[in-house]
Amino acid sequence: MSEQAVAYLELKAAQNLFGKAPTALEAGEREHVRKMAAKQFSLEAQVLAAPEARDAMVPHASLDAAMEEIRKRYPDEADFHADLQHNGLDEASFMDALERELLVEAILEKVGTRAAQVSDIDVELYYQYHPDQFRRPETRRVRHILVTVNDDLPDNTRPVAQGRIEAIAERLARDPTRFEEQAMKHSECPTALQGGLLGEVPRGQLYPELDAALFEMKAGEISGILESPMGLHLLRCEGITAAAVLTLQEARSPIRTLLEQRRKRVCQGAWVKQLLNRA
């Protein structure tokens, strides 16, 4: 079991650190992955041998769901099994190693329940001392139409592209309600499928040329022809959500979750440190 578990950890470390299978690693990378996997295996062995591991278990449904999630990363079963074989694993040994990993996680979750409870006072103090985290910036709901410029393509030379977007702008000047329809018909951005919708956009997310124009517009207004490195654009500002500060009531639940997770990690870290000191 130990060889397969280490092979599993090497596979995970290689993918997480280098985005490669272990067999594709260079010599230095392979040595680093081996050390990481050996260290992780030793730590997990101590966790599994601790008194807190008593009665810990992994439900079959959780193991099956985790296995299915991994299978989805492969185009088909053949690729999945080939990858296992290349890394010295088969499906049974892979599942055993996965169950071992999930069992370690379950034990750490059990240890994490010892963390001190988060009180309402804790939440309120965090809110008061971290005001910048609860400021919501102004956003604009925006759609756009893009006509690209590419002098290597006859339909997208600058004069042709300019003529196309001017014709669209003229149609919209007569009837602004046609923006979605015109985006679906003429925009060369994938957002054309959604009528050119870019969504709720804060300052600084778009190209500077577009950003500056958008945040000068009124709700319902359509811009003039704008240019960015992508090409020529028309923007429609559909609505404006003013900047605001989340109230304590709105922020209470995410703050509590954040503090609970922090305390859980501290508790787990202290417990693991104790295990290492005993070893």
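Please read all numbers here as calculations on a predicted model, not as lab measurements.

Describing the environment of Asn 150
Okay, step 1: For Asn 150, the location among the structural elements is in the loop between β2 (139–147) and α7 (158–174).
Okay, step 2: The spatial distance from the C-alpha of Asn 150 to the C-alpha of Pro 229 is 11 Å, given a sequence separation of 79 residues.
Okay, step 3: In contact with Asn 150, not counting residues within four places along its chain, are Asn 156 and Thr 157.
Okay, step 4: Within the structure, Asn 150 has its side chain in polar contact with the backbone nitrogen of Asp 152 (distance 2.9 Å).

A word on the pattern of salt bridges
Any two side chains of opposite charge can pair, on the condition that their charged atoms come close.
Okay, step 1: Taken as a whole and judged by the stated rule, the model has 19 salt bridges.
Okay, step 2: In this structure, the salt-bridge partner of Glu 138 is Arg 140, at a minimum N-O distance of 2.8 Å.
Okay, step 3: Of the residues examined, Glu 138 reaches a relative accessible area of 22% and is grouped as partly exposed.
Okay, step 4: By relative accessible area, which is 6% here, Arg 140 ends up buried.

Description of the pairing of strand β5 (residues 231–241)
Okay, step 1: Burial of β5 is extensive: eight of the 11 residues sit out of reach of the surface.
Okay, step 2: Examined bridge by bridge, strand β4 (residues 226–228) and β5 share three bridges and lie antiparallel to one another. Its bridge partner lying in β5, Leu 226 is registered against His 233.

Rules of the game
- Residues numbered from 1 in each chain as written.
- Predicted model: local features only at pLDDT ≥ 70, side-chain atom pairs only at ≥ 80, totals over all residues.
- Heavy atoms only, no water.
- Helix = DSSP H or I, 4+ residues; strand = E, 2+ residues; numbered from the N terminus.
- Contact = heavy atoms within 4.5 Å.
- Polar contact = N/O pair within 3.5 Å; in protein donor to acceptor, adjacent residues only side chain to side chain.
- Salt bridge = Lys/Arg side-chain N within 4 Å of Asp/Glu carboxyl O.
- Buried < 20%, exposed > 50% of the residue type's maximum accessible area, 1.4 Å probe, protein only.
- Pairing = 2+ DSSP bridges.

All we've got here are geometric facts, nothing functional implied.
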